[in-house]
Amino acid sequence: MTDVLRVGVLGSAEIARRRMLPAFARSAAFEVAAIASRDPDRGAAAAAPYGARVLPDYARLIEDGDVDAVYVPLPLALHAEWVEEALRAGKHVLAEKPLSTSPEAGADLFALARRRGLVLMENVMFVHHGQHARVRRLVAEGAIGEPRLFQATFTVPRRPAGDIRYRPDLGGGALWDTGVYPVRAAQLLLGTGLTVVGAVTTAAAAFDVDTSGAALLRRPGDGVGVQLSYGLDHAYRSSYEIGGSSGRLTLDMAFTPPADHVPVLRLDDSSGSRELRLEPEDQVANTVEAFAEAVRRGAVDSEHERATLEQARLLRDILDSAAAASASAAARASAPAPTPVPSD
């Protein structure tokens, strides 16, 4: 492998074109080597700014000897298959979130990466922004007293008809696309061992996937409550709040801030309200550099693997809880009305 990592991209998804390809190209650690696309024109358009080669199918790129690492922005239903193929071909892998729909499948992929001495990393970019480390530090220092409640929301407007996020066969749905953000934020701020207490999902008219949902979780030991909401058919909102015994911290633009965004933490306590302004950061560039550093070390931090698999477990538990709630509601609705008991 050369000092510069030659990265290949499977497909020409929007996130690859708008965010990841420019970030790879700006990084001194990477060279955009190739893009595989089943649509030659689309692939050529994505590759042209970087002088990258265009390959006609994913397998060709994975087997290419001039590619050291593979970025996988494919629809969720295809993640596990192509991540495994890339690892078996000896490539490091950065895969879009979530890594898979199953914690068991995710564990198998990480185990395969370890056996082959390769790096597998899930592309949850917001965790690489320094604003969250500042929040954690303030909480640890007692800025809000004892944590009592965590609330997080990530909702986005409706996409055009036919978008892959609305296709169940490709792993579409609000939980996988937007629900992953508040779930991972809860893990990041509250730690491990969260449990799902209840959940609901809703599919808007004419959609075959969930377009919104909410979940209630709790932290073991102290019982801190966690309220999460997400959706694909809403006004844009990207925020979280931690309420404590003596104050609360609020962060807007929590999950997808532009590189030039100035983060503002709002702290409310007994002395009033004040805003803490932080330096802008490019979380996409930070993510790319974190991937490069993991490859240089020869392994992903074990904390990343643990968090990825914990996230997968929570997403599955939310899905199962929502399904159980829906089945229970349907059963109650279809149950016959009780027979009136004659009065004496």
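See the structure above.
Reference entry: report on the structure contained in this document. What you see is a predicted model, and the numbers here were worked out from it, not measured in a lab. (Residues numbered from 1 in each chain as written. Predicted model: local features only at pLDDT ≥ 70, side-chain atom pairs only at ≥ 80, totals over all residues. Heavy atoms only, no water.)

Brief notes about the sheet that holds strand β3 (residues 53-55)
Thinking step 1. Spatially, the six strands line up as an open sheet ordered β3-β2-β1-β4-β5-β6, and their pairing is parallel. Strands at the two margins of the open sheet, each flanked by one partner only, are β3 and β6 (120-123). Each adjacent strand pair in this sheet contributes to an overall mean axis angle of 25 degrees, direction not counted.
Thinking step 2. Here strand β5 (residues 92-96) pairs with β6 via four bridges, running parallel. Each bridged residue has a counterpart across the sheet, and for Glu 96 the counterpart in β6 is Asn 123.
Thinking step 3. Set on the sheet, helix α2 (residues 40-47) makes contact with β2 (30-36) and β3; between it and β3 the angle comes to about 155 degrees. (Pairing = 2+ DSSP bridges. Helix = DSSP H or I, 4+ residues; strand = E, 2+ residues; numbered from the N terminus. Axes fitted to C-alpha atoms, helices over the stretch in contact; angles between N-to-C directions. Contact = heavy atoms within 4.5 Å.)

A word on the sheet that holds strand β10 (residues 225-231)
Thinking step 1. One open sheet accounts for eight strands, arranged β8-β9-β10-β7-β11-β12-β13-β14; its pairing is mixed. In this open sheet, the two edge strands, each paired with only one partner strand, are β8 (195-202) and β14 (272-277). With direction set aside, neighbouring strand axes in the sheet form an average angle of 10 degrees.
Thinking step 2. With seven bridges joining them, β8 and strand β9 (residues 212-218) adopt antiparallel strand pairing. Residue Thr 195 lies in a different strand from β9, and its bridge partner there is Arg 218.
Thinking step 3. Relative to the sheet, helix α9 (residues 302-334) contacts β8, β9 and β10, its axis offset from that of β8 by approximately 60 degrees.

Observations regarding α2
Thinking step 1. Among all positions of α2, only Gly 43, Ala 46 and Ala 47 are buried. Within α2, the buried residues cover an arc of 95 degrees as seen down the axis, which keeps them to one side. Exposed side of α2, more than 90 degrees from the buried face: Asp 41 and Ala 45 are the residues found there.
Thinking step 2. Close packing links the buried residues of α2 with α1 (14-26), β2 and β3.
Thinking step 3. Where α2 begins, the side chain of Asp 39 points an oxygen toward the backbone nitrogen of Asp 41, at a separation of 3.2 Å. (Buried < 20%, exposed > 50% of the residue type's maximum accessible area, 1.4 Å probe, protein only. Arc of directions from axis to C-beta. Polar contact = N/O pair within 3.5 Å; in protein donor to acceptor, adjacent residues only side chain to side chain.)

Scope: geometric values only; no functional claims are made or implied.
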